[in-house]
Amino acid sequence: IDVLVSFPVGRVQYMALRPCSFREFLGAVGEEPLLSVLDKPEITLAFHDRLMLLFNIYTLIGGMPEVVQTYVETKDFNQVRQIQKNLLNYYQQDFSKHAKTSLVPRLNLVWNSIPMQLAKKNKKYIYAQNNCGHLIKIIIGCQQCLTTKDTYLNGRNYRLQIQSCIVLCRYW
């Protein structure tokens, strides 16, 4: 039996927040002058080094608005990491709100195995390696739940594609 949760009608306003692009990140950290440098075909070594440093920071913290804001305000990577962990936990908690109850344990299994499988040399996500090598119908159901347009996981950061029982996960 699915549990219905009451919702305060008229008191909630939905806002779609997507991850910041690198250009938006540069603006957030006060490096707007570098935006014009990105449009040039050739970049001097000094600009290149500065942009690479900022790009490396961007890849560490990602583009989630709350994480970027915390980095801008504190420059504390420990606080940034805590917010990243919280966001991942919020995603996982949402599984039970948006998926059938019977699918939630499998979704959790797939979700928890993504970092381990992406850390491998071949960067392939293989369902058989997370004890979820069940029916392809169930596997497709998990994949569809994780890649709906509302989760933004099928956007630029992750692209999940099913090819037989292998899901290729790669960064965009």
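Quick caveat: nothing in here was measured; it's all calculated off a predicted structure.

Let us look at the overall build of the protein. Helices and strands together make up the secondary structure of the protein, namely 7 helices and 3 strands. Relative to its 172 residues, the protein shows a buried fraction of 29%. For the protein, the accessible surface area stands at approximately 12,100 Å², while carbon and sulfur atoms represent 58% of it.

Taken as a whole and judged by the stated rule, the model has 9 aromatic pairs. Between Phe25 and Tyr58 the ring centres are 5.4 Å apart and the planes differ by 50°, which places this aromatic pair in the tilted class. Placement of Phe25 in helix H1 (residues 22-28) and of Tyr58 in helix H3 (residues 45-61) is noted, with a sequence separation of 33 residues between them. In this structure Tyr58 comes out as buried when scored by relative accessible area, which is 13%. Centroid distance Tyr91 to Trp111: 5.7 Å. Interplanar angle 40°. Geometry classified as tilted. With Tyr91 in helix H5 (residues 77-98) and Trp111 in helix H6 (residues 104-118), this pair connects stretches of sequence that are 20 residues apart. Tyr91 gets classed as partly exposed once you look at its relative accessible area, which sits at 23%. Clustering of aromatic rings is evident, with ring pairs tying together Phe22, Phe25, Phe55, Tyr58, Tyr71 and Phe77.

The next thing to look at is the nonpolar core. When a protein is soluble and globular, its nonpolar side chains tend to lie buried together. Among the nonpolar cores identified, the biggest contains 18 residues, and Phe22, Phe25, Ile61 and Tyr71 are the most heavily contacted of them. When residues of this core are traced back to their parent elements, those giving at least two are H1, helix H2 (33-38), H3, helix H4 (65-74) and H5. Considering each element in turn, this core owes the most residues, 5 residues, to H3. Among residues more than four places away in sequence, those in contact with Ile61 are Phe25, Val67, Val68, Tyr71, Phe77, Val80 and Gln84. With 8 residues, the next largest nonpolar core counts Ala99, Leu103, Leu107 and Trp111 among its residues.

What follows covers the packing of H4 against H5. When two helices pack together, you describe them by how their axes are tilted relative to each other and by the distance separating the axes. Contact geometry of H4 with H5 gives a least axis separation of 9 Å together with a crossing angle of 165°. When the axis of H4 is compared with that of H5, the two are roughly antiparallel. Considering only the axes of H4 and H5, their crossing is right-handed. On H5, the residues touching Glu66, Val67, Thr70, Tyr71 and Thr74 of H4 are Phe77, Gln79, Val80, Ile83, Gln84 and Leu87. Each residue belonging to the contact of H4 with H5 can be placed in one class, and the counts come to 6 nonpolar, 4 polar and 1 charged.

Conventions we followed
Residues numbered from 1 in each chain as written. Predicted model: local features only at pLDDT ≥ 70, side-chain atom pairs only at ≥ 80, totals over all residues. Heavy atoms only, no water. Helix = DSSP H or I, 4+ residues; strand = E, 2+ residues; numbered from the N terminus. Buried < 20%, exposed > 50% of the residue type's maximum accessible area, 1.4 Å probe, protein only. Areas by Shrake-Rupley, 256 points an atom, 1.4 Å probe, with all protein chains shown as cover. Phe/Tyr/Trp six-rings, centres within 6.5 Å; stacked < 30°, edge-to-face > 60°. Core = buried A, V, L, I, M, F, W, Y, C linked by side-chain atoms within 4.5 Å. Contact = heavy atoms within 4.5 Å. Axes fitted to C-alpha atoms, helices over the stretch in contact; angles between N-to-C directions. Parallel < 35°, antiparallel > 145°, perpendicular 65-115°, else oblique. Left-handed = near helix turned anticlockwise from the far one by under 90°. Nonpolar A, V, L, I, M, F, W, Y, C, P; charged D, E, K, R; others polar.

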